[in-house]
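# Breakdown of the fold
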Amino acid sequence: MASTTRFSANVLNVVFALLMWLAAGAVLGEGSNIRAQSAGANYGNNRIELSARFAVSLNPTLESALTNGVSLPFVYEFQLTRPRGYALYRQVADWFSPTAELGYRLSYHAISRQYRLHLGSYYRSFATLDDALSALGVVKGWGVLADTSIADDKSDFAGRVRLRLDLSQMPKPFQLSTLGQGDWKLESAWIDVVPSRDEARE
């Protein structure tokens, strides 16, 4: 009876320790991540228009770098996944790319104490980092596959999209200094995107 009690106590201790470890890992994992929430597509004027939503958060390392003058480059990536044969044919025939990218840059303006989200030469200002990250995580009307038969004929297609921190756009010395550092790896999982059924039937 005593041995059974000791065995049960040991099992409970192991289970408790495992739960504590998992909880700690979850807390650490929440420090910096990009979570894919939704994605969709519509047929526009000779192109496919994508929309997507991601929840973005930064860990203390990235927040500190941002407030100390380091701008953070992010990139939305799209990949065509269906029809594969069409993508392969177009690539060979006329250098068609079944992928697309849309780049943003997040920065902090110390004088105004505002965060800025840049798209090319255009930027928006935000009073808080949370507001800037919320805006970063939403893309609407992003045009891809322009002037293709997929867009012109409203052909059946599927793709996927993700958002990530693009360290390749940072200065080379900075890339080397962050090599292998997990704090600087920030990307979402791929999320599938397909046109709405109503549009696909038109």
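It should be noted that the structure appears before, not after, this text.
Heads up: these notes are all about the structure in this document. (Residues numbered from 1 in each chain as written. Predicted model: local features only at pLDDT ≥ 70, side-chain atom pairs only at ≥ 80, totals over all residues. Heavy atoms only, no water.)

A word on the sheet that holds strand β2 (residues 48–57). Spatially, β1-β2-β7 is the arrangement adopted by the 3 strands of the open sheet, whose pairing is antiparallel. Since the sheet does not close on itself, it has two edges, and those belong to β1 (33–43) and β7 (138–144), each with one partner. On average, adjacent strands in this sheet sit at an angle of 20° to one another, irrespective of strand direction. (Pairing = 2+ DSSP bridges. Helix = DSSP H or I, 4+ residues; strand = E, 2+ residues; numbered from the N terminus. Axes fitted to C-alpha atoms, helices over the stretch in contact; angles between N-to-C directions.)

A few words now on the pairing of strand β3 (residues 72–82). For β3, the buried fraction is high: 8 of the 11 residues fall into the buried class. Alignment of β3 against strand β4 (residues 99–109), held across 8 bridges, turns out to be antiparallel. In the strand pairing of β4, Phe-74 is matched with Tyr-104. Here 8 bridges tie β3 to strand β8 (residues 158–165), and the two strands are oriented antiparallel to one another. (Buried < 20%, exposed > 50% of the residue type's maximum accessible area, 1.4 Å probe, protein only.)

Take the sheet that holds strand β5 (residues 114–119) next. Spatially, β6-β5-β4-β3-β8-β9 is the arrangement adopted by the 6 strands of the open sheet, whose pairing is antiparallel. Of all the strands in the sheet, the pair left with one neighbour each is β6 (122–126) and β9 (191–193). The mean angle between the axes of side-by-side strands here comes to 25°, regardless of whether they run parallel or antiparallel. Alignment of β8 against β9, held across 3 bridges, turns out to be antiparallel. In the sheet register, Val-161 faces β9, and the bridge partner there is Ile-191. Lying on the sheet, helix α2 (residues 60–67) is in contact with β3, β4, β5 and β8; it crosses β4 at an angle near 70°. (Contact = heavy atoms within 4.5 Å.)

Time to look at the nonpolar core. Soluble globular proteins tend to pack their nonpolar side chains together in the buried interior. Judged by nonpolar contacts, the single largest core of 44 residues is most densely connected at Ile-48, Leu-58, Phe-74, Leu-106 and Trp-142. Residues within four places of Phe-74 in sequence aside, it is in contact with Ile-34, Leu-58, Leu-102, Gly-103, Tyr-104, Leu-106, Leu-136, Leu-163, Arg-164, Leu-165, Asp-166 and Leu-186. (Core = buried A, V, L, I, M, F, W, Y, C linked by side-chain atoms within 4.5 Å.)

Attention shifts here to the side chain of Arg-162. By the element assignment, Arg-162 lies in strand β8. On the basis of relative accessible area, Arg-162 is assigned to the buried category, the value being 16%. A polar contact is formed between the side chain of Arg-162 and the side chain of Glu-77, at a distance of 2.5 Å. Those residues in contact with Arg-162, other than ones at most four positions away along the chain, are Phe-54, Val-75, Tyr-76, Glu-77, Glu-187, Ser-188, Ala-189 and Trp-190. (Polar contact = N/O pair within 3.5 Å; in protein donor to acceptor, adjacent residues only side chain to side chain.)

Note on placement: Asn-42 falls in strand β1. For Asn-42, a relative accessible area of 34% gives the class partly exposed. Here the alpha-carbon distance between Asn-42 and Val-194, two residues 152 residues apart in the chain, equals 8.5 Å.

Moving on, we come to α2. Among all positions in α2, only Leu-62, Ala-65 and Leu-66 are buried. Seen along its axis, α2 keeps its buried residues to an arc of 100°; they face one direction. Residues of α2 that are buried sit in contact with β3, β4, β5, α4 (129–136) and β8. Near the N-terminus of α2, the side chain that reaches the backbone nitrogen of Thr-61, with its oxygen 3.1 Å away, is that of Asn-59. Looking one or two places after α2, you find Gly-69, whose phi comes out positive at around 100°. (Arc of directions from axis to C-beta.)

Applying the stated criterion to the full structure yields 5 aromatic pairs. Ring geometry for Tyr-43 against Phe-157: centres 6.2 Å apart, planes inclined by 75°, an arrangement best described as edge-to-face. Of this pair, Tyr-43 sits in strand β1 while Phe-157 sits in the loop between α5 (149–152) and β8, and the two are 114 residues apart along the sequence. Residue classification places Phe-157 among the buried residues on the basis of a relative accessible area of 0%. Relative to Tyr-104, the ring of Tyr-76 has its centre 6.0 Å away and its plane inclined at 70°; by these criteria the two rings are edge-to-face. One end of the pair, Tyr-76, is in strand β3; the other, Tyr-104, is in strand β4, with 28 residues separating them in the sequence. Residue classification places Tyr-104 among the buried positions, given a relative accessible area of 14%. (Phe/Tyr/Trp six-rings, centres within 6.5 Å; stacked < 30°, edge-to-face > 60°.)

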